[in-house]
Every structure is written in C-alpha cells, then in structure tokens.
Amino acid sequence: MRYYARKLGFYLVALWAALTLNFFIPRMMPGNPVDALLGKLQQRGGQVGPEVRESYEVLLGGNSGEPLWNQYFSYLGNLARGELGIATSAFPAQVTDVIGQSLLWTIGLVGIATLLSFVLGVVLGTVVGWKRGSRLDSLVPATTVLSAVPYFWLALIFVLIFATNLGWFPRHHGYDVALSTGWNFEFISSVIEHGTLPALTIVVSSIGGWLLGMRNMMVSTISEDYILTAQAKGLRNSRIMTRYAARNAVLPSVAGFAISLGFVVSGSIITEQVFSYPGIGSQLLQAVQNSDYALMQGIFLVITVAVLAANLVVDLLYGVIDPRTRVEN
C-alpha cells in the first residue's frame, strides 16, 4: 500500500509543478500576449470588455495590477472550473469545447493505432526472439527499414498506392462530409473507412521499434539460469516462453508504451495534416499559426495531464507485473 501511496503522491506533485509552469511560462514571454490575443479577438468580431481582459490576464498574465499570488490562485480556480478562455482561432468557441471535439478523433485514431502496433510488435518480438536464428529474424531488418523511412514520406506513398491508384481507401478527412454525424451504422462505417489508412501508416511505421526491442530483451532473458532450470524441469516450451521469458522481457517495453500512450493525446501532427484528419494535432498547428495562446496553453495542459496519467497507470501496473518494484531498499 505504501508503494501505491508514494506513487500517487509523486504524480500529484508532478501535476502541481506542470500547472505552475503552465502559469509562469506565458508571463515570461516577451511583449504582452493579452494585448495580442484581444487584438485578434476584435478582428474576428469579438466584444472586448474589461471582464474579458481580466479573464485573459488571469490565464496568460499581462499588465494586471494584482499581486502574482492572487493571479496564481485565480488561475488554479479557473482550471478547477474548466475555464480555459476563448479560442480566437475558432471564435467564439470555448477552448474546452475545441479540445473536447478534437480529442475524441485523436484518441480514436492514434490511440488504437499505437495500441495495435505495441501488441503486434511485442507478440512478434517474443516469437522472433524465442526462435532466434530462424527465418523469422528477417522480420527485424524489414520492419526496421520501414521505421527509418521519414513518416510524412511513408504516409504520402500509402496515399498514392492505396487511395489514388487502387482506390481502396478515401484520401482525406475523418468521415464522409455528406453524412450527418451521429451514432448510426452509416457514419461509424465511414469513420472506420477514413481512419484505416492513417492507422495503417502509424502501425507500419512504429511496429519495428517494438519488435526490435522485445526481440533483443527475449534473447537476453532466455540465456538466464531460471530459463535453463525451467527447461531442465521439462516444462512446455510455450509456457517457458510466455510465463517466464516474455513476462520479464516485456517490462522495458511496458515503460516505453506508457510514454507513447501519454503522447497519443498530442496526436500525430504530420498524420493529421497529410490526411486532413480533424484531430488535436491539427488544432495545435492551427493555434500556433494564429498565435492562439489560450488554445495552445489548453492543449499543452491536456498533453501534460495525459502523459502523467498514462505513466501513473503503467507505474501501478508495473508493481503488479513485477513484484520486485514494490520491495523497499
């Protein structure tokens, strides 16, 4: 129990540190981001009153006469209420609404693709490492070459072959824009059809890393004495491979997966740009191009929380998978 309490305490402190940095960084920027933001808001037809300026000064800093500590606690209060301001790049939408609409698309596409590439890479790496020296070893250079290809180049090749020449998949967008959105079979089928090619691109480009890492750990693990002991006791090879070798060899991959899972929220900007996918990566790029500080700050905050949450979950699971991590000293 002390192990889990210590982990929870550590991540709460890390979350507080991330929120504090998110408060101070805009205030360290040259110039006054509030004036720039309100200028863009006026250009888009927004009404800039004293209350609007005050809310943005709380979020981003500026020439507010309030003490910094008062601004800091007001900022934490706004975060607790989910108030992140107005996205000027999508005026008059709230930042929380813009992020909420884009987040589901990114999690659906990048999250599932990352999970698939991890599972496939670990399973293939287990088998290839267990049967090292066989023909299966040829999978390692083949997948490594695909991982080394620049990502945007691989995505463009897939679009050319599977979308333009063969016509198997649509080239752009997350769904058929002629359909009305909703939880119906026609719309869900369109989402799956449009998301297959971007997901395939992510899986193909990332599976090589998981496979290579797991294969090397398996080769190292099966040379351990306890594997030799299990073989000498006459246990089945399938049981030794899965229960003894793979269980220990997968631990570094699980730690790497935690980091990858956290960054899923940041989306894959290149993927979403090549396929015109309506995810959070596209929103982040749009926010940077329009100097939308409120939206950028909101997206960075969501990414930070997602990375911490993913690492916390895997840290807790790590203690279940490997009991040695719960032992003190």
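Located above this text is the structure these notes cover.
Residues numbered from 1 in each chain as written. Predicted model: local features only at pLDDT ≥ 70, side-chain atom pairs only at ≥ 80, totals over all residues. Heavy atoms only, no water.

## Observations regarding a positive patch on the surface
Among the surface-exposed residues, Lys233, Arg236, Arg239, Arg243 and Arg247 lie close enough to one another that they form a single positively charged patch. As for its position among the elements, arginine 236 is in the loop between helix H9 (225-232) and helix H10 (237-249). (Patch = residues over 30% accessible without salt bridge, like charges linked within 9 Å, V, L, I, M, F, W, Y side chains within 5 Å. Areas by Shrake-Rupley, 256 points an atom, 1.4 Å probe, with all protein chains shown as cover. Salt bridge = Lys/Arg side-chain N within 4 Å of Asp/Glu carboxyl O. Lys, Arg positive; Asp, Glu negative; His and termini not counted. Charge placed at Lys NZ, Arg CZ, Asp CG, Glu CD. Helix = DSSP H or I, 4+ residues; strand = E, 2+ residues; numbered from the N terminus.)

## Here we look at the side chain of asparagine 22
Mapped onto the secondary structure, asparagine 22 falls in helix H1 (residues 2-27). Discounting chain neighbours no more than four positions away, the residues touching asparagine 22 are Tyr75, Gln297 and Leu301. (Contact = heavy atoms within 4.5 Å.)

## Notes on the packing of aromatic side chains
Taken as a whole and judged by the stated rule, the model has 12 aromatic pairs. Ring geometry for tryptophan 105 versus tyrosine 277: centroids 5.8 Å apart, planes at 85°, classification edge-to-face. With tryptophan 105 in helix H5 (residues 95-130) and tyrosine 277 in the loop between helix H12 (269-274) and helix H13 (280-289), this pair connects stretches of sequence that are 172 residues apart. In this pair, the class of tryptophan 105 matches that of tyrosine 277, namely buried. Among the aromatic residues, those joined into a cluster by ring pairs are Trp105, Tyr175, Phe187 and Tyr277. (Phe/Tyr/Trp six-rings, centres within 6.5 Å; stacked < 30°, edge-to-face > 60°. Buried < 20%, exposed > 50% of the residue type's maximum accessible area, 1.4 Å probe, protein only.)

## A few points about the environment of isoleucine 188
Within the secondary structure layout, isoleucine 188 lies in helix H8 (residues 185-221). We classify isoleucine 188 as partly exposed; its relative accessible area is 34%. Along the chain, isoleucine 188 and asparagine 311 lie 123 residues apart, while their C-alpha atoms are 31 Å from each other.

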